[in-house]
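So the chains spell out like this:
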Amino acid sequence: MAEKKPHRVNFDLAGKRVFVAGHRGMVGAAVVRRLAAEGCEILTVDRKGCDLTRQAEVERWMADARPDVAFVCAATVGGILANDTRPVDFLYDNLMIEANVIKTAHDVGVKKLLFLGSSCIYPQLAAQPMTEDALLTGALEPTNQWYAIAKIAGLKLCEAYRRQKGADFISAMPTNLYGPGDNFDLAASHVIPALMRKAHEATLAHRPSMQVWGTGKPRREFLHVDDLADALVFLMKHYSGDQTVNVGTGEDIAIADLAAMICDIVDYGGELVFDPSKPDGTPRKLLDVSRLSGLGWRARTGLEEGLSSTYRWFLEHQTEFRGL
Ligand code: GFB
């Protein structure tokens, strides 16, 4: 029987061995930063030490590391064009990573696991804002169906482990994310780092205009990654249930307005030229976050404030992006 009402539990992380899979990525790094306040032992491994797409390596590493708790943040991720043009990477890598980590976590006795999905699991034309119940009620957005299918499989695997094995495995579905540690490679990035970098470079080169993909009309919801990390730790400590939990701000913005906001922050005064030959993707993606707010969590970082601090982070790290 499906568990209907989210109930608040208390699961202490202090003194536990906590595996953060994907600690080099934007989300995993934020979870590691956030866990510093929890008094737990943080376990991480890089790809050389354990390639998560390879079952034998995952089994060997996890049998040795013996985590009590796992955050599954590892994934092949990217923006709309990367999703659309590299379907094998987004489907195969993500299926393998989640299958290997979730199964092995159960086999080595992990007491609690949180799997991270994405709001693109919901149908392309789902009613807005999207509740968790919208899952599998309609066709997926074609540009990211590969990633969505993999993430749906991951959340269903957690649900299956709950049902068949009684494992306390949960999942969370974040909206579009941004923040320090984001990917600023224009071929693979999401819209925020892409527009930030384009505006920055257009300013330096005194370009009269910069390109924005698509029509500028789609609407997206954006959550700062440090807010996400806080929500994930909150869910690990206080949620146990078979239904996934949306994580977002509950507010969205049109891409054209986002582009104008980024230009203000970067101080770029040129013209925005929309390129309709690039995909728009889902017309709107706004999460209903009432399940999470009912448990007692809310996002804290406003979009303008989060974009400003992310731009400062970009300025401090931009030498690392030269040559991308
Ligand atoms: O962030 P983004 O790539 O992801 O694109 P999605 C969001 C919107 O911004 C789309 C537009 O309508 C893009 O056309 N956009 C405008 C740009 N200029 C740019 C640009 O320079 N770069 C990029 N990347 N976009 C992804 C999914 O979809 O969202 C993933 O493909 C995942 O699977 C992720 O779910 C959160 O929101 O369209």
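Predicted model only: the values in this text are computed from it and were never measured.

Strand order in this open sheet of six strands is β2-β1-β3-β4-β5-β10, and the pairing throughout is parallel. One side of each edge strand has no neighbouring strand; the edge strands of this open sheet are β2 (41-43) and β10 (245-247). The sheet shows a mean angle of 20° between the axes of neighbouring strands, direction not considered. Alignment of strand β1 (residues 17-21) against strand β3 (residues 69-72), held across four bridges, turns out to be parallel.

Now for the site of the ligand. In the vicinity of the ligand lie 23 residues, with Ile 80, Lys 198, Arg 220, Pro 279 and Asp 280 positioned nearest. In the model, a nitrogen atom of the ligand is placed 2.9 Å from a nitrogen or oxygen of the Ser 189 main chain. One of the backbone N or O atoms of Trp 213 is found 2.9 Å from a nitrogen atom in the ligand. Calculation on the ligand without its partners gives an accessible area of 700 Å², and the protein chains cover 97% of this total. Examining the composition of the shell around the ligand, we find that four residues originate from one element, helix α6 (residues 191-204), more than from any other.

Across the five residues that make up strand β4 (residues 112-116), a large majority, five, are buried. Taking every second residue as pointing to the same face, both faces of β4 are buried, with Lys 112, Leu 114 and Leu 116 on one and Leu 113 and Phe 115 on the other. Pairing of β3 with β4, which is carried by four bridges, proceeds in the parallel orientation. Note on β4: the bridge partner recorded for Val 72 is Phe 115. The pairing of β4 with strand β5 (residues 168-174) spans five bridges and is parallel. Bridge pairing in β5 places Leu 114 opposite Ile 170. Note that the unit made of β4, helix α5 (residues 145-165) and β5 has a crossover that is right-handed.

Counting 43 residues, the largest nonpolar core has Phe 19, Leu 113 and Phe 169 as its most contacted members. Phe 11, Val 27, Val 247 and Leu 295 belong to the second-largest nonpolar core, a separate cluster that totals 34 residues.

Moving on, we get to the pairing of β5. With six of seven residues buried, β5 lies mostly within the body of the structure. Bridge analysis of β5 against β10 gives three bridges, and the strand direction is parallel. Following the sheet pairing, Met 173 is matched in β10 by Asn 246.

Before going further, it helps to spend a moment on the pattern of salt bridges. Evaluated as defined, the whole model comprises 19 salt bridges. Measuring nitrogen to oxygen at the nearest pair gives 3.6 Å for the salt bridge that ties Glu 132 to Arg 291. Placement of Glu 132 in the loop between β4 and α5 and of Arg 291 in helix α9 (residues 290-295) is noted, with a sequence separation of 159 residues between them. One exposure class covers both Glu 132 and Arg 291, and it is buried.

This brings us to the packing of aromatic side chains. Counted according to the given criterion, the structure contains six aromatic pairs. Ring centres of Phe 19 and Trp 61 lie 4.6 Å apart, and the angle between their planes is 45°; on these two criteria the pair is classed as tilted. Residue Phe 19 is found in strand β1, and its partner Trp 61 is found in helix α2 (residues 55-65); the two are separated by 42 residues along the sequence. For the ring pair Phe 184 and Phe 314, a centre distance of 4.9 Å and an interplane angle of 35° mean the geometry is tilted. Linking Phe 184 in the loop between β6 (176-178) and α6 with Phe 314 in helix α10 (residues 303-317), this pair joins segments that are 130 residues apart in sequence. Neither residue differs from the other here; Phe 184 and Phe 314 are each classed as buried. Taken together, the aromatic side chains of Phe 184, Tyr 311, Trp 313 and Phe 314 make up a single cluster linked through ring pairs.

Conventions used here
- Residues numbered from 1 in each chain as written.
- Predicted model: local features only at pLDDT ≥ 70, side-chain atom pairs only at ≥ 80, totals over all residues.
- Heavy atoms only, no water.
- Pairing = 2+ DSSP bridges.
- Helix = DSSP H or I, 4+ residues; strand = E, 2+ residues; numbered from the N terminus.
- Axes fitted to C-alpha atoms, helices over the stretch in contact; angles between N-to-C directions.
- Near = heavy atom within 4 Å.
- Polar contact = N/O pair within 3.5 Å; in protein donor to acceptor, adjacent residues only side chain to side chain.
- Areas by Shrake-Rupley, 256 points an atom, 1.4 Å probe, with all protein chains shown as cover.
- Buried < 20%, exposed > 50% of the residue type's maximum accessible area, 1.4 Å probe, protein only.
- Right-handed = clockwise from strand over helix to strand, strands pointing away.
- Core = buried A, V, L, I, M, F, W, Y, C linked by side-chain atoms within 4.5 Å.
- Salt bridge = Lys/Arg side-chain N within 4 Å of Asp/Glu carboxyl O.
- Phe/Tyr/Trp six-rings, centres within 6.5 Å; stacked < 30°, edge-to-face > 60°.

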